[in-house]
Amino acid sequence: MSDRELRVSKIRNGTVIDHVSGGQALNVLSILGIDGSAGLGVSVVMNVPSDRLGLKDVVKVEDRELSQSEVDVISLIAPEATINIIREFDVVEKNRVDRPETVVGLLTCPNRNCITNANEPVETKFDVVDEGVRCTYCGTIIREELAAHIDPE
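*Asks:* Honestly, the overall build of the protein chain in this entry has me stumped. Any pointers?
*Replies:* Regarding its fold elements, the protein chain presents two helices and nine strands. Order of helices (α) and strands (β) in the protein chain, N terminus to C terminus: β-α-β-β-α-β-β-β-β-β-β. Over its C-alpha atoms the protein chain spans a radius of gyration of 17 Å, differing by no more than 12% from the 15 Å that the globule rule assigns to 153 residues. Dimensions of the protein chain along its principal axes, counting C-alpha atoms only, are 55 × 30 × 25 Å. Across the 153 residues in the protein chain, those meeting the buried criterion constitute 39%. Surface summary for the protein chain: the accessible area is close to 9,100 Å², and the carbon and sulfur share equals 42%. With 16 positive and 26 negative side-chain charges, the protein chain shows a spacing of 5 Å between the two charge centroids.

This is how it looks when you write it as structure tokens:
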């Protein structure tokens, strides 16, 4: 085994999220709502060498395939990520993430005065911009700590 190989066991079924920006794996777990309590098998490799990114993280989640909305949020913190669907130890689907133009219903607005925080039947909506995401209703921009604004419901 060379110094640049990874020794992480294959998974039978599930999702491998590769080419995550170095240090972002824990935020990916937060986006997916994974805290270890559900009993899913999860492997996390952080800050390993990558020709494309310099350093990358890899997250393997057994027995779970991601929804498009989860992939959309992951794309905001890991724009170079690839999503690999594994079935019976084989990669059956491999896709690079695409940053969406908008994210609906997945994030909470940090502005307490925003209409989305006023107990009104309004779903949050954020426009994806170069500097982060901007609330469509109040204009508040989330630049950092995006995972902290994920709506757990």
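Now that the structure is up, let's keep going.
*Asks:* Even after reading the chapter, I still don't get the sheet that holds strand E9 (residues 141-142), so can you show me in this structure?
*Replies:* To summarise the sheet geometry, strands pair through backbone hydrogen bonds and adopt either a parallel or an antiparallel arrangement. Spatially, four strands are ordered E6-E7-E8-E9 in an open sheet, and the strand pairing comes out antiparallel. For this open sheet the edge positions go to strand E6 (102-104) and E9, each flanked by a neighbour on one side alone. One ladder, built from four bridges, connects strand E7 (residues 125-129) with strand E8 (residues 132-135); its direction is antiparallel. Within E8, the position partnered with Val128 by the bridge is Val133.

*Asks:* Sorry, what's going on with a nonpolar patch on the surface here?
*Replies:* On the surface, Leu26, Leu40, Val42, Val44 and Met46 cluster together into a nonpolar patch covering about 360 Å² of accessible area. Considering every element that reaches the nonpolar patch, the biggest residue donor is strand E2 (residues 42-50), with three residues. Within the secondary structure layout, Leu40 lies in the loop between helix H1 (25-31) and E2.

*Asks:* Is there a simple way to explain the sheet that holds strand E1 (residues 14-21) in this structure?
*Replies:* Strands sit in the order E2-E3-E1-E4-E5 across an open sheet of five strands; the sheet is antiparallel. Taken across any chain shown, the strands that pair with only one partner, and hence form the sheet edges, are E2 and strand E5 (90-96). Here the strands of the sheet are splayed against their neighbours by 20° on average, with no regard to which way each runs. Relative to strand E3 (residues 54-62), E1 is paired through six bridges, and the arrangement is antiparallel.

*Asks:* What exactly am I supposed to notice about the pattern of salt bridges here?
*Replies:* Scanning the entire structure with this criterion turns up six salt bridges. Between Arg12 and Glu88 there is a salt bridge whose closest N-O contact spans 2.6 Å. Taken together, the residues span a long stretch of sequence, with Arg12 in the segment before E1 and Glu88 in the loop between strand E4 (82-87) and E5 at a distance of 76 residues. On the accessibility criterion, Glu88 (46% relative accessible area) is partly exposed. The partner of Glu70 in a salt bridge is Arg64, with the nearest N and O atoms 2.3 Å apart. Each member of the pair, Glu70 as well as Arg64, is classed as buried. Sharing partners across several salt bridges, the network here consists of Arg52, Glu80 and Arg96.

*Asks:* Help me understand the nonpolar core, please; the structure alone is not making it clear to me.
*Replies:* Taken as a class, soluble globular proteins show a tendency for nonpolar side chains to be buried jointly. Formed by 33 residues in total, the largest nonpolar core has its most connected members in Ile17, Val28, Leu32, Ile74 and Val133. In terms of residues, this core owes the most to one element, helix H2 (residues 68-77), which gives five residues. When residues no more than four places from it in sequence are discounted, the contact partners of Leu32 are Ile17, Val61, Arg64, Leu66, Glu70 and Ile74.

*Asks:* How should I be thinking about the environment of Ser69 in this particular structure?
*Replies:* Of note, Ser69 is situated in helix H2. According to the relative accessible area criterion, Ser69 is partly exposed, its value standing at 31%. Of the polar contacts made by the side chain of Ser69, one reaches the side chain of Ser67; its length is 3.1 Å.

Conventions we followed
- All residue numbers here refer to positions counted from 1 along the written sequence of the relevant chain.
- With pLDDT at 70 or above as the cut-off, local features in this predicted model cover only qualifying residues; side-chain atom pairs require 80 or more to be listed or tallied, and sums for whole chains, interfaces and linings still use all residues.
- Excluded from the side-chain calculation are hydrogens and water; included are all heavy atoms of the structure.
- Numbering of helices and strands runs from the N terminus; a helix is a DSSP stretch of H or I covering at least four residues, while a strand is a stretch of E covering at least two.
- Radius of gyration here uses only the C-alpha atoms, and the compact-globule reference equals 2.2 Å multiplied by the residue count raised to the power 0.38.
- Throughout this description, buried means an accessible area under 20% of the type-specific maximum (1.4 Å probe, protein chains only), exposed means over 50%, and partly exposed covers the range between.
- Shrake-Rupley sampling with a 1.4 Å probe provides the accessible areas, and residues are treated as covered by the protein chains on show and by no other component.
- Asp and Glu count as negative and Lys and Arg as positive, but His and the ends of the chain are not part of the count.
- Where a charge sits is defined by one atom per residue type, namely NZ (Lys), CZ (Arg), CG (Asp) or CD (Glu).
- Strand pairing is assigned whenever DSSP detects at least two bridges linking the two strands.
- Patch membership needs two things, relative accessible area over 30% and no salt bridge, and members are linked within 9 Å if like-charged or within 5 Å if nonpolar (Val, Leu, Ile, Met, Phe, Trp, Tyr).
- For salt bridges, the criterion is a side-chain nitrogen of Lys or Arg within 4 Å of an Asp or Glu carboxyl oxygen.
- A fitted line through C-alpha atoms represents every axis, and for helices the fit uses only the stretch in contact; the resulting angles, taken between N-to-C directions, go from 0 to 180 degrees.
- Remark: nonpolar core denotes a set of buried residues (Ala, Val, Leu, Ile, Met, Phe, Trp, Tyr, Cys) joined through side-chain atoms within 4.5 Å.
- Contacts are assigned to residue pairs that have any heavy atoms within 4.5 Å of one another.
- Identification of polar contacts relies on pairs of N or O atoms within 3.5 Å, with a donor-acceptor requirement for protein atoms, meaning one able to donate a hydrogen and the other able to accept it, and with residues adjacent in sequence counted only if both atoms are side-chain atoms.

Purely geometric numbers; function is a separate question.
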